[in-house]
Amino acid sequence: MKSYLLVFSFLFLGFTGFAQIAPVTENSIFMQGVKGCYSDYYIEFYNRGAQKPTDGEYEVVISIINSNNNQSECYMGKATVANGKFTSPVYIQKTDGSYMPINRMIKALDQDWLENQDMNTINEVSDGMTALFYTQEKYWVRLFFPSLINSKSVSNQKAPPAKELLKAGN
C-alpha cells in the first residue's frame, strides 16, 4: 500500500488545479463553471468515446483546474500505459521540448480524497482519459489521451418538441 501511495505522489507532483471544497462527481465540477480548456477536452472525449489503450508510451494533455478561480490550464505531456492503466511517472513537456516528471509541480495527492478511492481502478484509462485526481494543493488533475479518441463526435440525439413528436395518430 505504501508503494502505491508513493507512486501516486510521484505521479502528480507537478500539477496545478482546482477545488475549494472537493467536488465528489464530474457533474459538480461542471456546475461550478470551470473555465478554460478542461470542459472542451472533457466534452469531446465524452461525446466521441475512445479506443482502449494498448501498452506503450502516449502523448497526453494534462488538465489542471485551479480551485481559487475555477480556471483550467492544459499542458502537453507523456505517460506510459501498461495493462490498461497509466503508470508513474507522468511527464510534462517544457517549452524547449524536453520533459520533466510532473511530480516537480505537485507534491502529493490529497490523503483524505485518496482514502476514498478504489485502488484497483484508480489508474485506469477509460474513454481516452483518466479519473480526476485531487491534490493536497487543492487542484484537480486529469490526463487526456488524444491518440485514442474516436474520429467522429457522436452526441446524444435531442428529442423534438412534444407537439411534433406526439402528433395525432402516434
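Residues numbered from 1 in each chain as written. Predicted model: local features only at pLDDT ≥ 70, side-chain atom pairs only at ≥ 80, totals over all residues. Heavy atoms only, no water.

Re the confidence of the model for the chain
Mean pLDDT over the chain works out to 81, with 79% of the residues at or above the 70 mark. Confidence scores differ between elements of the chain, with helix α1 (residues 2–11) showing the lowest mean pLDDT of 40 and strand β3 (residues 71–82) the highest of 96. In the model, residues 1–25 has pLDDT below 50 throughout and makes 94 contacts with residues more than four positions away in sequence or in other chains. (pLDDT = per-residue confidence, 0-100. Helix = DSSP H or I, 4+ residues; strand = E, 2+ residues; numbered from the N terminus. Contact = heavy atoms within 4.5 Å.)

A closer look at the packing of aromatic side chains
Applying the stated criterion across every chain yields a total of 10 aromatic pairs. The interplanar angle of 75° and the centroid separation of 5.7 Å between the aromatic rings of Y58 and F145 together place this pair among those described as edge-to-face. With a gap of 87 residues between them, Y58 in strand β2 (residues 56–66) and F145 in the loop between β7 (139–144) and α5 (162–165) connect regions that are remote in the sequence. Taken together, Y38, Y41, Y42, F45, Y46 and F144 form an aromatic cluster joined through their ring pairs. Over the aromatic face of Y91 sits the side chain of K78, whose NZ or CZ is 5.7 Å from the ring centroid. (Phe/Tyr/Trp six-rings, centres within 6.5 Å; stacked < 30°, edge-to-face > 60°. Lys NZ or Arg CZ within 6 Å of the ring centre and 35° of its normal.)

Some points on the state of the cysteines
Any covalent bond linking the sulfur atoms of two cysteines counts as a disulfide. Under the counting rule described, the total for this entry stands at one disulfide. Through a disulfide, C37 is tied to C74; the S-S separation comes to 2.0 Å. Of note, the bridge from C37 to C74 carries an S-S torsion of about 95° and is right-handed in sense. With C37 in helix α3 (residues 37–48) and C74 in strand β3, this pair connects stretches of sequence that are 37 residues apart. (Disulfide = S-S within 2.5 Å.)

Topic: the nonpolar core
Core analysis: the biggest nonpolar cluster contains 36 residues, and I62, W113, L143 and F145 have the highest contact counts within it. Broken down by secondary-structure element, the contributors of at least two residues to this core are α3, β2, β3, β4 (85–93), α4 (111–115), β6 (133–134) and β7. Among the elements that make up this core, the one with the highest residue count is β2 (six residues). (Core = buried A, V, L, I, M, F, W, Y, C linked by side-chain atoms within 4.5 Å. Buried < 20%, exposed > 50% of the residue type's maximum accessible area, 1.4 Å probe, protein only.)

Quick look at the environment of S67
Position of S67 relative to the elements: it lies in the loop between β2 and β3. A residue is classified by how much of its surface remains accessible, and S67, at 5% relative accessible area, is buried. Considered as a pair, S67 and V34 are 33 residues apart in the sequence and their alpha carbons are 9.3 Å apart.

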